[in-house]
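# Summary of the model geometry
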Amino acid sequence: MSREFDALDDIIRCGSNNAINTLWKTGLTVCAWIFPDSIGEGGVGARIADKTAASSGDGGWAIRLVSVTNFGFFSGTSASGLVIRNSSGASVTTGGWTHVTATWTGTVVSTSIRLFSNGNETAYTGDINGTDAPDDDANRNLCIGNEGTTTARTFDGKIAFLQLYNRVMQPTEIRNLVKYPGSVGEGLVGFWPLWGSSSVEPDYSGFQDNGVVTGAVRGNSDPPVNGIFQVNSPGGF
């Protein structure tokens, strides 16, 4: 199971309910399986998941590709700055599946971001500290596979099992999610398996931030997971 994005204009918009807003206050973890075919639309910055406006300084955050072999995380701050951290050392496989994770404690220091590829912490490059405090993102939609304002950062390839948590997860927990999506329930505020079968992408976290699908057809390849857990209500299985 996966969704295929076309590097042109595909997007899944999941709204901005309270459970997924302003997560810098608690820290966050975002992870997904990805199968990129190229760097994506725009030549840099194709989105895996995005909760920003189009420009810096408008709050929100995003996990994105930064090259055909690496990914990164950034957040906007209220003084038009960005806190940025990127992986290095070929942490993503083009034409194959990679599980990518970003954790962020919510500060504007780049080392507050940690990145994991297939459950292992990556090496880093391109660290930039932000300025001022993180900004409110309550009026930003969470989008999968694209940036929601201009839709000019479309992912090229497949995405599956996107999960969002309102806390910073430990490496052992992240490794559990690589093979068993949904297996960690504490702090789970969004879980989109990306079944690829309808115009609505269900959120299985229990918070019902269901995604409205534009394009993003069912993918022809599934990530190498061992099982999937379904959450029946917020905070529990």
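Fair warning: this is a prediction, and the values are worked out from it, not measured in the lab.

What counts, and where the lines are drawn
Position numbers for residues count from 1 along each chain, tracking the sequence in the order it is written. In keeping with the predicted nature of the model, local features appear solely for residues at pLDDT of at least 70, side-chain atom pairs appear and are counted solely at 80 or more, and the whole-chain, interface and lining totals rest on all residues. Side-chain numbers come from the whole structure's heavy atoms, not from hydrogens or water. Comment: elements are numbered from the N terminus, with helices defined as DSSP H or I runs of at least four residues and strands as E runs of at least two. Based on C-alpha atoms, the radius of gyration is set beside the globule rule, defined as 2.2 Å times the residue count to the power 0.38. Summary of the burial criterion: residues with accessible area below 20% of their type's maximum are buried, those above 50% are exposed, and those between are partly exposed, where the area comes from a 1.4 Å probe applied to protein chains only. Only heavy atoms matter for contacts: two residues are in contact if any of them lie within 4.5 Å across the pair. Calculation of accessible area relied on Shrake-Rupley with a 1.4 Å probe; when residues are assessed, cover is drawn exclusively from the protein chains displayed. As used throughout, the charge tally considers Lys and Arg to be positive and Asp and Glu to be negative, leaving His and the chain termini uncounted. Note on charges: their place is set at NZ of Lys, CZ of Arg, CG of Asp or CD of Glu. A pair of strands counts as paired when DSSP detects no fewer than two bridges linking them. Pairs were defined over the aromatic rings of Phe, Tyr and Trp, the Trp ring being its six-membered one, requiring ring centres within 6.5 Å. Orientation was assigned from the angle between planes: stacked under 30 degrees, edge-to-face over 60, tilted for the rest. We call a set of buried Ala, Val, Leu, Ile, Met, Phe, Trp, Tyr and Cys residues a nonpolar core when their side-chain atoms join them within 4.5 Å. Pairs of N or O atoms within 3.5 Å make up the polar contacts considered here, provided that, within protein, one atom can donate a hydrogen while the other can accept it, and that residues adjacent in sequence are counted only when both atoms are side-chain atoms.

### A closer look at the overall build of the protein
Tallying secondary structure elements over the protein gives one helix and 17 strands in all. Here the C-alpha atoms of the protein give a radius of gyration of 16 Å, agreeing with the 18 Å that 2.2 N^0.38 yields for 237 residues. Overall size of the protein, expressed as C-alpha extent along the three principal axes, is 40 × 35 × 30 Å. Counting over 237 residues, the protein shows a buried share of 56%. Sequence separation of at least 24 residues holds for 69% of the intrachain contacts in the protein that already meet a minimum separation of 6. When the accessible surface of the protein is summed, it comes to about 8600 Å², and 49% of that surface belongs to carbon and sulfur atoms. Charged side chains of the protein number 15 positive and 22 negative; the gap between the two group centres comes to 4 Å.

### With respect to the sheet that holds strand β2 (residues 11-13)
Neighbouring strands of a sheet are bound in pairs by backbone hydrogen bonds; such pairs are parallel or else antiparallel. Overall, antiparallel pairing links the nine strands, which are arranged β11-β7-β6-β5-β4-β12-β2-β16-β15 in an open sheet. Since the sheet does not close on itself, it has two edges, and those belong to β11 (123-128) and β15 (200-201), each with one partner. When strand β6 (residues 71-76) meets strand β7 (residues 82-88), the two strands line up antiparallel, connected through five bridges. Bridge assignment links Phe-73 to a residue of β7, and that residue is Arg-85.

### Side note on the packing of aromatic side chains
The full count for this structure, using the stated rule, is five aromatic pairs. With 5.4 Å between their ring centres and 75° between their planes, Phe-35 and Trp-97 make a pair best called edge-to-face. Taken as a pair, Phe-35 in strand β3 (residues 28-36) and Trp-97 in the loop between β7 and β8 (98-104) lie far apart in primary sequence, 62 residues in all. Accessibility assignment for this pair places Phe-35 and Trp-97 in one class, buried. Arranged with centres 5.6 Å apart and planes meeting at 75°, the rings of Trp-195 and Tyr-204 form a pair that is edge-to-face.

### Remarks on the nonpolar core
One broad rule of soluble globular proteins: the nonpolar side chains tend to lie buried together. Residues Val-30, Ile-63, Phe-73, Ile-144, Ile-159 and Leu-164 are the most contacted members of the largest nonpolar core, which totals 36 residues. Where this core is concerned, the elements lending two or more residues are β3, β4 (47-50), β5 (61-65), β6, β8, β9 (113-117), β13 (156-165) and β14 (188-192). The greatest single-element share of this core, amounting to four residues, is contributed by β3. Excluding its chain neighbours within four sequence positions, the residues that come into contact with Val-30 are Ala-49, Trp-61, Ile-63, Phe-73, Val-100, Thr-101, Ala-102, Leu-162, Gln-163 and Leu-164. If you look at the next biggest cluster of nonpolar residues, it comprises 15 residues, including Phe-116, Ile-174, Val-184 and Phe-191.

### What to know about the pairing of β5
Residues in a regular strand project their side chains so that they alternate between the two faces of the sheet. By the criterion of burial, β5 is predominantly enclosed, with five of the five residues buried. Taking every second residue as pointing to the same face, both faces of β5 are buried, with Trp-61, Ile-63 and Leu-65 on one and Ala-62 and Arg-64 on the other. Here β4 pairs with β5 via three bridges, running antiparallel. Counted as the bridge partner of Arg-47 is Arg-64 from β5. Two elements, β5 and β6, share five bridges in a ladder whose sense is antiparallel. Bridge pairing in β6 places Arg-64 opposite Gly-72.

### Focus: the side chain of Arg-140
With respect to the element layout, Arg-140 can be found in the loop between β11 and β12 (143-144). The class for Arg-140 is buried, based on a relative accessible area of 16%. Of the polar contacts made by the side chain of Arg-140, one reaches the side chain of Asn-139; its length is 3.1 Å.

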